[in-house]
Amino acid sequence: EFASGAESQPVGHLPSTSSVLEALDGSTGGSKGKKERVGKDPISEKLDIQLRFALWEPADDVLVCCVIDELLPEQQEIELLTNIIIAMNNQVTNLPAVNLIAWPPLNNMQGNEDEIRDYFSTAINTRIKTKSSKTLLLMGEPTQQWLLYPEQIEQSDDGIIQITDSLTGLLVPSLKQMLVQPELKRMTWQVICRHRKSIG
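Please read these numbers as outputs of a predicted model, since none were measured by experiment.

1. Observations concerning the sheet that holds strand β4 (residues 135-139)
Piece 1. Taken in spatial order, the 6 strands make up an open sheet running β3-β1-β2-β4-β6-β5, and their pairing is mixed. Each edge of the open sheet is held by one strand with a lone partner, namely β3 (99-103) and β5 (160-162). When the angles between neighbouring strand axes are averaged without regard to direction, this sheet yields 20°.
Piece 2. Summarising the sheet, β4 and strand β6 (residues 168-172) pair through 5 bridges and their orientation is parallel. By the bridge assignment, Leu 138 is partnered in β6 with Leu 171.
Piece 3. The strands touched by helix α4 (residues 113-131) within the sheet are β1 (51-59), β2 (62-67), β3 and β4, with β3 carrying the most contacts at an inclination of about 160°.

2. Some remarks on the confidence of the model for the protein
Piece 1. Of all residues in the protein, 78% attain a pLDDT of 70 or more, and the chain-wide mean is 81.
Piece 2. Mean pLDDT across the elements of the protein ranges from a minimum in helix α2 (residues 30-40), with 40, to a maximum in β4, with 97.
Piece 3. Every residue in residues 1-17 scores below 50 in pLDDT, and together they form 59 contacts with partners more than four places removed in sequence or on other chains.
Piece 4. Note on residues 26-40: pLDDT under 50 across the span, and 13 contacts to partners over four residues away in sequence or across chains.

3. Description of helix α8 (residues 184-198)
Piece 1. Between its terminal C-alpha atoms α8 stretches 22 Å, which fits the 21 Å expected from 15 residues at 1.5 Å a residue.
Piece 2. On its buried face, α8 sits against α3 (75-88), β4, β5, β6 and α7 (175-180).

4. Digging into a nonpolar patch on the surface
Piece 1. Nonpolar side chains collect at one region of the surface, where Leu 71, Leu 72 and Leu 100 lie side by side and expose about 300 Å² of accessible area between them.
Piece 2. The topology assignment puts Leu 100 in strand β3.
Piece 3. You can call Leu 100 partly exposed: its relative accessible area is 34%.

5. Describing the packing of aromatic side chains
Piece 1. Scanning all chains against the criterion turns up 3 aromatic pairs.
Piece 2. Ring centres of Phe 53 and Phe 120 lie 4.4 Å apart, and the angle between their planes is 35°; this geometry places the pair in the tilted category. On the criterion of sequence distance, the pair formed by Phe 53 in strand β1 and Phe 120 in helix α4 is long-range, its members being 67 residues apart.
Piece 3. Residue class for Phe 120 comes out buried when judged on its relative accessible area of 1%.
Piece 4. With centroids separated by 5.2 Å and ring planes inclined at 75°, the aromatic side chains of Tyr 119 and Phe 120 adopt a geometry described as edge-to-face.
Piece 5. Ring pairs connect the aromatic residues Phe 53, Trp 103, Tyr 119 and Phe 120, which therefore count as one cluster.

About the cut-offs
- Residues numbered from 1 in each chain as written.
- Predicted model: local features only at pLDDT ≥ 70, side-chain atom pairs only at ≥ 80, totals over all residues.
- Heavy atoms only, no water.
- Pairing = 2+ DSSP bridges.
- Helix = DSSP H or I, 4+ residues; strand = E, 2+ residues; numbered from the N terminus.
- Axes fitted to C-alpha atoms, helices over the stretch in contact; angles between N-to-C directions.
- Contact = heavy atoms within 4.5 Å.
- pLDDT = per-residue confidence, 0-100.
- Expected span 1.5 Å × (residues − 1).
- Patch = residues over 30% accessible without salt bridge, like charges linked within 9 Å, V, L, I, M, F, W, Y side chains within 5 Å.
- Areas by Shrake-Rupley, 256 points an atom, 1.4 Å probe, with all protein chains shown as cover.
- Salt bridge = Lys/Arg side-chain N within 4 Å of Asp/Glu carboxyl O.
- Buried < 20%, exposed > 50% of the residue type's maximum accessible area, 1.4 Å probe, protein only.
- Phe/Tyr/Trp six-rings, centres within 6.5 Å; stacked < 30°, edge-to-face > 60°.

What follows is the structure in structure tokens.
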């Protein structure tokens, strides 16, 4: 067990304009909804930012997403995530190699907020569909803010959201947060336990 016994803290959120749900739901009207949203409140300013997502696929039905500041996740983060994944699926004993997705994809390339969100949503959606993932572990507020609507985060049931009929999102603190504040491990453990109970 990776969790400590301290009280948990809530995960916050900031506004966003795109979501994994839109990429997943493109064939059933998600794309139309997205265009309406973007047209109503466009975010056209080009952003000169660097953003890096770390992705792991420890099992066919689980995809882990986490925004990282460093070039690669630190060893302590890898060890903690390994313990978390084992807690989620005791058939997993080792964490697979990390996959990295970075913005900008080309040097000196810039994009507005919508374009950056679409870039990451599309890349992650491809992995979800390839493996038919059922659980999306979204670690840390930046990850959740870039991939979900604020409304989705607000409607989460104690850290659990139903993104589609077949995909559940688990909202937990980042690996770095849990290492700095070990009491947040308890929150993550509680979310995982509620999810495991809900799926039997």
